[in-house]
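# Residue-level structure breakdown
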Amino acid sequence: MPYVAARDGRRNRSAAHRAPAVPDRIDDLHGNSLGVLEVPHHMACGHASRRRYELDDPAQLRHAYEQVLCEAAGCGEIEDLINPAMLRRVWRDLHLPSRVREAWETRHPSLRRTVNRTNSGPGAGEAASRTVGAGPANRGFVRRGRTQAARTATARTAAARPGVAR
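Cut-offs applied
- Residues numbered from 1 in each chain as written.
- Predicted model: local features only at pLDDT ≥ 70, side-chain atom pairs only at ≥ 80, totals over all residues.
- Heavy atoms only, no water.
- Helix = DSSP H or I, 4+ residues; strand = E, 2+ residues; numbered from the N terminus.
- Buried < 20%, exposed > 50% of the residue type's maximum accessible area, 1.4 Å probe, protein only.
- Areas by Shrake-Rupley, 256 points an atom, 1.4 Å probe, with all protein chains shown as cover.
- Contact = heavy atoms within 4.5 Å.
- Core = buried A, V, L, I, M, F, W, Y, C linked by side-chain atoms within 4.5 Å.
- Phe/Tyr/Trp six-rings, centres within 6.5 Å; stacked < 30°, edge-to-face > 60°.
- Lys NZ or Arg CZ within 6 Å of the ring centre and 35° of its normal.
- Salt bridge = Lys/Arg side-chain N within 4 Å of Asp/Glu carboxyl O.

### Comments concerning the overall build of the chain
A count of helices and strands for the chain gives seven helices and two strands. N-terminal to C-terminal, the α/β element order of the chain is β-β-α-α-α-α-α-α-α. Residues classed as buried in the chain amount to 27% of the 166 residues present. Working note: accessible area of the chain is about 12000 Å², and carbon and sulfur atoms make up 51% of it.

### Some remarks on the environment of L29
Structurally, L29 is set in the segment before β1 (36-38). The contacts of L29, once residues within four sequence positions are left out, are P23, I78, E79, I82, P84 and L87.

### Let's talk about the nonpolar core
In this structure, Y65, L69, L87 and W104 are the most contacted members of the largest nonpolar core, which totals 29 residues. Of all the secondary-structure elements, those providing two or more residues to this core are α1 (58-71), α2 (75-81), α3 (84-90) and α4 (98-107). What L69 contacts, discounting residues up to four positions off in sequence, is I82, L87, W91, L94, L96, V100 and W104.

### With respect to the environment of S33
If you trace the backbone, S33 turns up in the segment before β1. For S33, the residues in contact, after removing those within four places along its chain, are L55, N83 and M86.

### Here's the deal with the side chain of N83
Mapped onto the elements, N83 comes out in the loop between α2 and α3. Residues within four places of N83 in sequence aside, it is in contact with G31, N32, S33 and Y65.

### Digging into the packing of aromatic side chains
Across all of its chains, the model carries one aromatic pair by this definition. Arranged with centres 6.2 Å apart and planes meeting at 45 degrees, the rings of W91 and W104 form a pair that is tilted. Of this pair, W91 sits in the loop between α3 and α4 while W104 sits in helix α4, and the two are 13 residues apart along the sequence. Accessibility expressed as a relative area gives 0% for W104, which makes it buried. Above the ring of W91, the side-chain terminus of R101 is found at 4.9 Å from the ring centroid.

### Some details on the pattern of salt bridges
Taken as a whole and judged by the stated rule, the model has eight salt bridges. A salt bridge links D24 to R107; the shortest N-O distance between them is 3.2 Å. Of this pair, D24 sits in the segment before β1 while R107 is found in helix α4, placing the two residues 83 residues apart along the sequence. Among the ionic pairs, D27 bridges to R88, the shortest N-O distance being 3.2 Å. With D27 in the segment before β1 and R88 in helix α3, this residue pair connects regions lying 61 residues apart in the sequence. Owing to a relative accessible area of 27%, R88 belongs among the partly exposed residues under this scheme. Here the salt bridges do not stand alone but share partners, grouping R92, R101, E105 and R112 into one network.

And the structure:
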């Protein structure tokens, strides 16, 4: 049975249609930074185990913060669930709808300038220090699995003589 919109003037209050909730100050957030974060049922339906996130696991932390920032009905929920230091640390890694990201960065310009600090693998520091046009590291788009075949001397001479069959 298809969904029929209410005709009595009620507004659609789904997360996709309402303005994102953004608190006035990031420092007002007081969520936990350790342990388990359990989001309310309206943010993630299903069994309680699907609403619990280990804050020690970076992937679960990002997923939980994405859900809270996108689905929160008000600033109070965000203030109770999000930790300000953790939010600043993972901000660049969050996959957020553009309207949510713009609302947060408009209200809190310091988030716009945050640096991705979750990359801790080899070469994480050198990627940020590279400059544009700095040799082979800046090659643009390269297809994975394809290598440039170097032309041999015989192939070059054959290509130079138009009458020779290849």
